[in-house]
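The primary structure of each chain is shown beneath.
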Amino acid sequence: MRGQFLRRSYFSWYQGSIFMARLERHHADSSNQHLIADELKLSSVLSQMASFLVRNRGLLAGFVIGSVLLCAILALTTEKRYRTTLLLMADPPLQSPLETTEQTKRDEASFVESQIYILESRDILQAVLEAADLEATREYSQSEPSLISRAIGAVKSLLPTSAGESGDEGGQPVESHALRELRKNIGASRKGDTNVIGIDVTSTSARRAAQIANAMGDAFIANRQAAQLERAERLAQWLDGRVVSLRQQLSGAEDAVTSYRIEHKLISGDPGTTLSEQQLFEMNAELIRTRAVLAEKRAAYERAMQLLEDGGDIQSLPQVQDSDLITLVREKLIQIKLREAELARMNATDPRREAIANERRAVEAELAAEIGRTVRMIGHEVETLEAREALVAAALAEAGNRSGVENRSIVELRELERVAQAYQALYERYLGSTGLVDETISYLSSGVEIVEPAAVPRNPSYPPTKLLLIWGLLLGVALGVVAGLLREALRPGFLSSAQAEADLGVPVLGAVPGAGASRPEIDAAIRSLRMRLGLTARRDGPLRLLLTSARDGDGKDGLAEALARSAAAAGASVLLIDADWTHVGLTARLGLQAKTGLADALRGASDAECQHPLTGCPGATVLPLGKWDSAVSDDVAGAAMQSLLARVSAAHDLVIVIAPSVPGDADAPLLARFCDGVAVVARWAVTPRAAVAMALDQFKGVAQPGLVLSDMNRRQARHFGEPVSRHAPG
């Protein structure tokens, strides 16, 4: 008997040594895993990210669907706006009909920018409002101010204002609501480095957007034409007045020269003739020439007046046909008519036809004005020749009765002649420049044309539905990731064996699936745990295992029963001892509250009388709590308990002691002195990590405990890196 006891003691020590070695090996493995975790490679990081997305896929899907739906609702409920563009060509106008692009080195960029400012000016926008009748539309009509707006306006009216703030801003008139709205809805910009200006218009109506853009183009062209025509009229009036003044001054200077010659008889004679004869000869010749020219000019003038009265072809006059300026204007008119005919043949509705028609009318008016000036010049020349004829005739009559010597006032005569020549040159210069200036002004009105009219847009430009959906998707993913991180950070318990081993530095002996798992899965996990604990049928030596938990309700009672049934099914003799006197967990679970048990055995009752068979499990017995009192509580961790464990170990292969939870009670560390191994049970993802760490700290210096995770969600745990081998037989 003594030899058998020694043999059992030896094998018990041997089993305990193996168990401790396994625990130390697991502890070393966990340390190595901790070092490896600090040196994770990119593949491991990507794997963890993928696992995070998979285990939070429901949360991610919910946030993504919600965010996308919210953005879709926002896109559907937001008022749609349509955008269209009109392209306008604004070339710098030529300064004269003979000027070329190479001769004109203008700063085209500044010119185009100035045209953009004109496009956005108040006059253009007001013309667009009137042309499109925008103030009658709901978009541009001023609605009733809200209560908040009226309150703000009332407060502002009570505040003192400076003189510059009453009525206008900086001397500028206050813009109407429709004008402010139109200014916000339009935009003009230069297209690259070209002279093309793009007019962008947005509106709640697609048709209205195109209408506003086309109206802006028409208003801009009309504004340019009106400005150039007004400038032409002012310049033409000034030039006409200047020409009349110069003609009068020229006539006066010529009359003065003629009068001075006649008065002082400063008519040079040829050699061999007397001065009087020479004077008479020259005066006769001058009178004949004057009358001949006068007759020619008078005939031309009468012919021109007759053609004007009868409506004939005034352009058939030789004087009109000989004018270079009139010829140039007629050639330009022919080119314009050819362009107009070509546009009419290509597209009857081309918007440029109106601009070309306006240009043709301007050139026709210029041609008529130039012809009129030519006829007036002929009339002026007739008047001048008539006056000259009268003067020469009078001088000739006086010269017949008079002779004299050459006057010494020849110097004064030369001065008068130089003055007359100067007036003649200035008069001819202004007379020639008049037509050129009119031609230049007509060119200024031909530098703008519509390249591409605005079309009615088919699809709205706002809200950007696709962009909103993309942002909704990205926002949903971001919120889902943040929510997933918060959910996992707020989970109190351990989510995987690797996490527990890395944080606690103790081996995880096993992880048992919860009630949601199938019976075969639970049995496989219990068998795997039993194999790791070494709870096999060993007839040559018993093994005592202490089972406790970090807190009540972590499942140590159910786990102990499952281990006992698994070991008994493998052929081992098992005894379950319920030493958790803090609550009747296993005893109540098995319905043994009224039976004798541990308390009675500690008082001296027979061990056999206190043990009861485990229902449905041959080979396994239970030692329930029994009739507990305070006196027995002091003996549960004393010599009586040690003696009891020694006695029952002699008759069983496996003794499982269920101790009170730690750190709620100090019995568990004391009972650990009498056992070969200690296992602490914690509920997966539920038991706080601090509680588990505190429970394990209670065994420092007493035993090397291991950790068992209970009630594990196998599907979720797989995504947290829990290996499948811990759940299956191994």
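What you see is a predicted model; the values in this text were computed from it and never measured.

Description of the overall build of the protein chain
Part 1 of the reasoning: Counting its secondary structure elements, the protein chain contains 25 helices and 12 strands.
Part 2 of the reasoning: For the protein chain, buried positions account for 41% of its 730 residues.
Part 3 of the reasoning: Carbon and sulfur atoms make up 56% of the accessible area of the protein chain, which amounts to about 38700 Å² in all.

Concerning the pattern of salt bridges
Part 1 of the reasoning: A complete count under the given rule lists 15 salt bridges for this structure.
Part 2 of the reasoning: The residue E79 makes a salt bridge to R138 at a minimum N-O spacing of 3.7 Å. Of the two residues, E79 is situated in the loop between α3 (57-77) and β1 (82-90) and R138 in the loop between α5 (122-132) and α6 (147-158); the sequence distance between them amounts to 59 residues.
Part 3 of the reasoning: Overall, E79 belongs to the partly exposed group, its relative accessible area being 44%.

Points about the nonpolar core
Part 1 of the reasoning: With 47 residues, the main nonpolar core has L546, I577, L598, M641, V657 and L707 as its most contacted residues.
Part 2 of the reasoning: For M641, the contacting residues outside a window of four places in its chain are I577, A579, L598, L602, D635, V636, V657 and L671.
Part 3 of the reasoning: V112, L125, A215 and V448 belong to the second-largest nonpolar core, a separate cluster that totals 32 residues.

Some remarks on the packing of helix α15 (residues 497-504) against helix α24 (residues 689-697)
When two helices pack together, their arrangement is captured by the angle between the axes and the distance separating the axes.
Part 1 of the reasoning: Running from N to C, α15 and α24 point in directions that differ by 55°, and their axes come no closer than 11 Å. In terms of orientation, α15 lies oblique with respect to α24. Where α15 crosses over α24, the two elements pack in a sense that is right-handed. Residues Q499, D503 and L504 of α15 touch α24, and the partners they reach there are R689, V692, A693 and L696.
Part 2 of the reasoning: For the contact of α15 with α24, a count of residues per class yields 4 nonpolar, 1 polar and 2 charged.

Digging into unusual backbone geometry
Part 1 of the reasoning: Following Y462, the chain continues into P463 via a peptide bond in cis, with omega recorded as 0°.
Part 2 of the reasoning: Inspection of the secondary structure assignment puts P463 in the loop between β4 (448-452) and α14 (465-490).
Part 3 of the reasoning: Despite not being glycine, A685 shows a phi value in the positive range, around 65°.

So, the sheet that holds strand β7 (residues 574-578)
Part 1 of the reasoning: In spatial order, the strands read β5-β12-β11-β6-β10-β7-β9-β8; together these 8 strands make up an open sheet with mixed pairing. Edge positions in the open sheet fall to β5 (508-513) and β8 (612-613), since each of these has one partner strand only.
Part 2 of the reasoning: Note that strand β6 (residues 543-549) and strand β11 (residues 677-683) share 5 bridges and pair parallel. Bridging across to β11, S549 finds its partner in V681.

Comments concerning the sheet that holds strand β2 (residues 186-190)
Sheets are built from strands that pair by backbone hydrogen bonding, the pairs being arranged parallel or antiparallel.
Part 1 of the reasoning: The 4 strands are arranged β2-β3-β1-β4 in an open sheet whose pairing can be described as antiparallel. Each edge of the sheet is formed by a strand with only one pairing partner; in this case those strands are β2 and β4. If you compare each strand with its neighbour and ignore which way they point, the axes differ by 30° on average.
Part 2 of the reasoning: With 4 bridges joining them, β1 and β4 adopt antiparallel strand pairing. Within β4, the position partnered with L87 by the bridge is E452.

Describing the pairing of strand β3 (residues 196-203)
Part 1 of the reasoning: Taken across its 8 residues, β3 has 8 buried, putting it largely inside the fold.
Part 2 of the reasoning: Side chains V196, G198, D200 and T202 of β3 all project onto a buried face; the interleaved residues I197, I199, V201 and S203 project onto the opposite face, where all are buried too.
Part 3 of the reasoning: Pairing between β1 and β3: 8 bridges, direction antiparallel. Among the inter-strand pairings, R83 is bridged to a residue of β3, identified as T202.
Part 4 of the reasoning: Hairpin connection between β2 and β3: a loop of 5 residues separates the two successive antiparallel strands, and G192 in this loop has a positive phi of roughly 65°.

Digging into a nonpolar patch on the surface
Part 1 of the reasoning: A surface patch of nonpolar side chains, about 390 Å² in accessible area, is lined by L42, V45, L46 and M49.
Part 2 of the reasoning: Relative to the helices and strands, V45 is located in helix α2 (residues 42-55).

With respect to α14
Part 1 of the reasoning: With 26 residues, α14 ought to run about 38 Å at 1.5 Å a step, and its terminal C-alpha atoms sit 36 Å apart, in line with that.
Part 2 of the reasoning: Residues L468, G472, G476, G480, A483, G484 and E488 constitute the buried set of α14.

Regarding the confidence of the model for the protein chain
Part 1 of the reasoning: Looking at the protein chain as a whole, its pLDDT mean stands at 77, while 77% of the residues score no less than 70.
Part 2 of the reasoning: Per-element confidence in the protein chain ranges from a low mean pLDDT of 49 for helix α1 (residues 2-38) to a high of 92 for strand β9 (residues 620-623).
Part 3 of the reasoning: Segment residues 724-730: pLDDT under 50, and 21 contacts once partners within four positions in sequence are set aside and those in other chains are kept.

Some details on the side chain of Q225
Part 1 of the reasoning: Along the chain, the position of Q225 falls in helix α8 (residues 206-264).
Part 2 of the reasoning: Side-chain polar atoms of Q225 contact the side chain of N358, separated by 3.1 Å.

A closer look at the environment of L602
Part 1 of the reasoning: With respect to the element layout, L602 can be found in helix α19 (residues 598-603).
Part 2 of the reasoning: Separated by 34 residues in the primary sequence, L602 and V636 have C-alpha atoms spaced 7.7 Å apart.
Part 3 of the reasoning: When residues no more than four places from it in sequence are discounted, the contact partners of L602 are V632, D635, V636, A640, M641 and L644.

Digging into the pairing of β11
Part 1 of the reasoning: Most of β11 is tucked away, with 6 of its 7 residues classed as buried.
Part 2 of the reasoning: As for the winding sense of the linkage, the β-α-β connection from β11 through α24 to strand β12 (residues 706-712) is right-handed.

Description of helix α17 (residues 556-569)
Part 1 of the reasoning: If you check α17, its first and last C-alpha atoms are 20 Å apart, about what 14 residues at 1.5 Å a residue would give, namely 20 Å.
Part 2 of the reasoning: Within α17, 10 of the 14 residues are buried, which leaves the element mostly enclosed by the surrounding structure.
Part 3 of the reasoning: Here α17 has its buried residues at K556, D557, L559, A560, E561, L563, A564, S566, A567 and A568.
Part 4 of the reasoning: After α17 finishes, the residue G571 shows a positive phi value of roughly 100°.

Some details on the side chain of S661
Part 1 of the reasoning: Here S661 shows up in the loop between β10 (654-658) and α23 (667-671).
Part 2 of the reasoning: A polar side-chain atom of S661 sits 2.9 Å from a polar atom in the side chain of S549.
Part 3 of the reasoning: Among the polar contacts made by the side chain of S661, one reaches the side chain of K556 at a distance of 3.3 Å.
Part 4 of the reasoning: The residues touching S661, leaving out its near neighbours within four places in the chain, are T548, S549, R551, D552, K556 and D580.

Some thoughts on the packing of α3 against α14
Part 1 of the reasoning: Where α3 contacts α14, the two axes come as close as 7 Å, and the packing angle between them is 150°. As summarised for this structure, α3 and α14 are arranged roughly antiparallel, according to the angle between their axes. Crossing hand, α3 versus α14: right-handed.
Part 2 of the reasoning: Residue classes in the contact of α3 with α14 are distributed as 16 nonpolar, 6 polar and 1 charged.

Side note on the environment of L563
Part 1 of the reasoning: Its location among the elements puts L563 in helix α17.
Part 2 of the reasoning: Owing to a relative accessible area of 0%, L563 belongs among the buried residues under this scheme.
Part 3 of the reasoning: With 36 residues separating them in the primary sequence, L563 and R527 have C-alpha atoms 7.8 Å apart.

Calculation criteria
- The residue numbers shown here count from 1 along each chain, following its written sequence.
- In view of the model being predicted, local features appear only for residues whose pLDDT reaches at least 70, and side-chain atom pairs are presented and counted only at 80 or more, with totals across whole chains, interfaces and linings using the full set of residues.
- Only hydrogens and water are set aside; all other atoms, that is, all heavy atoms of the structure, feed into the side-chain values.
- Helix numbering and strand numbering both begin at the N terminus, where a helix is a DSSP run of H or I of at least 4 residues and a strand a DSSP run of E of at least 2.
- When accessible area is computed with a 1.4 Å probe and restricted to protein chains, residues below 20% of their type maximum are described as buried, those above 50% as exposed, and intermediate ones as partly exposed.
- Residue exposure ignores everything except the shown protein chains as possible cover, and the areas themselves are Shrake-Rupley values with a 1.4 Å probe.
- A carboxyl oxygen of Asp or Glu within 4 Å of a side-chain nitrogen of Lys or Arg is what we treat as a salt bridge.
- Buried Ala, Val, Leu, Ile, Met, Phe, Trp, Tyr and Cys residues form a nonpolar core when they are joined through side-chain atoms within 4.5 Å.
- By definition in these notes, contact holds between two residues if any of their heavy atoms fall within 4.5 Å.
- Think of each axis as a best-fit line through the C-alpha atoms, taken over the contacting stretch in the case of a helix, with angles from 0 to 180 degrees between the N-to-C directions.
- Each angle receives one of four descriptions, namely roughly parallel if under 35 degrees, roughly antiparallel if over 145, roughly perpendicular if within 65 to 115, and oblique otherwise.
- The handedness criterion is simple: a crossing whose near helix is rotated anticlockwise from the far helix by less than a right angle is left-handed, and one whose near helix is rotated clockwise is right-handed.
- Residue polarity is assigned by list, with Asp, Glu, Lys and Arg as charged and Ala, Val, Leu, Ile, Met, Phe, Trp, Tyr, Cys and Pro as nonpolar; anything else, Gly included, falls into the polar class.
- Strands are treated as partners if at least two bridges between them are detected by DSSP.
- Patch definition: residues above 30% relative accessible area lacking any salt bridge, with like charges linked at up to 9 Å and the nonpolar side chains Val, Leu, Ile, Met, Phe, Trp and Tyr linked at up to 5 Å.
- Residue count minus one, scaled by 1.5 Å, sets the expected span of a helix.
- Confidence of the predictor at the level of single residues is given by pLDDT, which spans 0 to 100.
- Pairing of N or O atoms within 3.5 Å defines a polar contact, subject to two protein rules: one partner must be a possible hydrogen donor and the other a possible acceptor, and residues neighboring in sequence count only if both atoms are side-chain atoms.
- The handedness of a crossover follows from its direction of travel: if, with the strands pointing away from the viewer, the path from the first strand over the helix to the second runs clockwise, the crossover is right-handed.

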